[in-house]
Amino acid sequence: MRFEISKVLDAIEGRVCTDPSLARAVLDLAEVIRYQDLDSGRPANLLRLGMVIDALARDLEEDSVPVYAIVHRALLSDADLTSNERMVVRRWADDGLVEVLDNPGDRMLEVADLLGLPVLSRARFDGLRGRFPWVVEQPGRVLAPVPGAGGPVFIAHVGGGNVPVAGARSATGAKLLARQWRCPEPGCALFGGGGGGAFADLRAERSPAGQPPPALRHGAPTCPRHGARLSDAGPRPRTEVLAVRVGGLIRRRFVLTEGQAVLVGRAPDQQGGIVLGQWLNDEARRWISRSHVRFELRVGEVIVTDVSTNGSGIRPGGSMAEPDRVPLAPQQSRVLSTNDMVELYPGVQIGRADELPAGAPFTPTSVMAEAPTMAMRLPKP
Ligand SMILES: [Zn+2]
């Protein structure tokens, strides 16, 4: 059972991030793990984060939907969590997957404001509607996860709506995210850049393109973790968000950064490569190479190169009509035009995330699939 819980926590780990291009909602981890009414279990349980993430994925009709979690530092030693759960949260903190703060204050709303994300919280934020008018003016921007049939559902306390909706990044957010930032604190997991920490070099290098939004203190960009003034480290590299659609469903998004090629295939041999194997049937597995296509972002253009044995195809403008499909032979490259999709195999497509529609009823892959029934007493759907 312990082993199974570890597997669930690993799955949840894949759904927490502070990357502004990938996070789809903001939440307060200390709040979510205490939603005891979701499963009538112990006072605090990290698996409740998985339940809320699943509910979000269901509403957004996408798999692998990551959340931006704000974590009060006290949570790292919260005696209501198991030692294993505390260890997992500490690891997330060390890796910069979550944002740990001594005093979270309004940071959750600040992040939501800068990034244009919905907030998942049972708090009402009545006093903050002056500073953040979207709290009441934009339906779907603040939603409370509450118990429902088959898992949590979202309801609005203020502002209406019951499906999480993203807004635009605020003007300040857009400005802050155009630059990369450096924290003077050695080994800062959020705004690090060389040096510090015994394990700093064991950590996966954080791309400056994926830095979280700085906090603003008296108008100055500040590290939310260390309270230190951040220095401007130059323009942030350009990015484009691509999405993988398998069987009509968006299975995951990934960030393509200028100067960093990304391999996509059955099981690419590249750190940060996009692994499709888990979503493929036997025929697709046989057809699709370990590394099948390579994406690059050059001067704002997405370039795809086939690196496979069997070749791919392009669906110009997203057209699913067979006569429109253009073959992409092995070693051939092409610039992706608006709405173009790359097709690795029938039903396996990649395109720009904001242009790729879902084309099938949603059948989610639960992040909780491994959850032992002993640990979580979910109401029957
Ligand atoms: Zn810092």
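Residues numbered from 1 in each chain as written. Predicted model: local features only at pLDDT ≥ 70, side-chain atom pairs only at ≥ 80, totals over all residues. Heavy atoms only, no water.

**Some thoughts on the environment of A93**
So, point 1. Structurally, the position occupied by A93 is in helix α4 (residues 83-94).
So, point 2. Considering only alpha carbons, one finds A93 and I70, 23 residues apart in sequence, at a separation of 10.0 Å. (Helix = DSSP H or I, 4+ residues; strand = E, 2+ residues; numbered from the N terminus.)

**A closer look at the pattern of salt bridges**
So, point 1. On inspection of all chains with the given rule, the structure shows 26 salt bridges.
So, point 2. For the salt bridge of R129 with D126, the shortest nitrogen-to-oxygen distance reads 2.9 Å.
So, point 3. For D126, a relative accessible area of 41% gives the class partly exposed.
So, point 4. Residues joined in a network through salt bridges with shared partners are R315, E322, R325 and E343. (Salt bridge = Lys/Arg side-chain N within 4 Å of Asp/Glu carboxyl O. Buried < 20%, exposed > 50% of the residue type's maximum accessible area, 1.4 Å probe, protein only.)

**Some details on the coordination of the zinc ion**
So, point 1. Around the zinc ion, the protein supplies C183 (SG), C188 (SG), C223 (SG) and H226 (ND1) as donor atoms, at distances of 2.1 to 2.4 Å.
So, point 2. Here the zinc ion is ringed by 4 donor atoms whose angles at the metal span 106 to 115°, and the overall shape comes out tetrahedral.
So, point 3. Under the relative-accessibility criterion, H226 is labelled partly exposed at 31%. (Donors = N, O, S within 2.8 Å, 3.2 Å for Na, K, Ca; no water. Tetrahedral: all angles 85-135°; square planar, octahedral: opposite > 155°, others 65-115°.)

**Comments concerning the confidence of the model for the chain**
So, point 1. Considering every residue of the chain, the mean pLDDT works out to 90; 90% of them sit at 70 or more.
So, point 2. In the predicted structure, residues 194-203 sits below a pLDDT of 50 and forms 9 contacts with residues beyond four places in sequence or in another chain.
So, point 3. Considering only residues more than four positions removed or in separate chains, one finds that residues 372-381, a stretch of pLDDT under 50, has 25 contacts. (pLDDT = per-residue confidence, 0-100. Contact = heavy atoms within 4.5 Å.)

**A closer look at the sheet that holds strand β3 (residues 99-101)**
So, point 1. Taking strand neighbours across the sheet as the criterion, the 6 strands line up as β3-β2-β1-β4-β5-β6 in an open arrangement whose pairing is mixed. The open sheet has two edge strands, β3 and β6 (151-155), and neither has a second partner.
So, point 2. In this fold helix α3 (residues 47-60) packs onto β1 (26-28), β4 (119-120), β5 (142-148) and β6, with an angle of close to 60° to the strand it touches most, β6. (Pairing = 2+ DSSP bridges. Axes fitted to C-alpha atoms, helices over the stretch in contact; angles between N-to-C directions.)

**As for α4**
So, point 1. With 12 residues, α4 extends 16 Å from end C-alpha to end C-alpha; this agrees with the ideal 16 Å at 1.5 Å per step.
So, point 2. Every buried residue of α4 is accounted for by N84, E85, R86, V88, V89, W92 and A93.
So, point 3. Just past α4, the residue G96 takes up positive phi, approximately 70°. (Expected span 1.5 Å × (residues − 1).)

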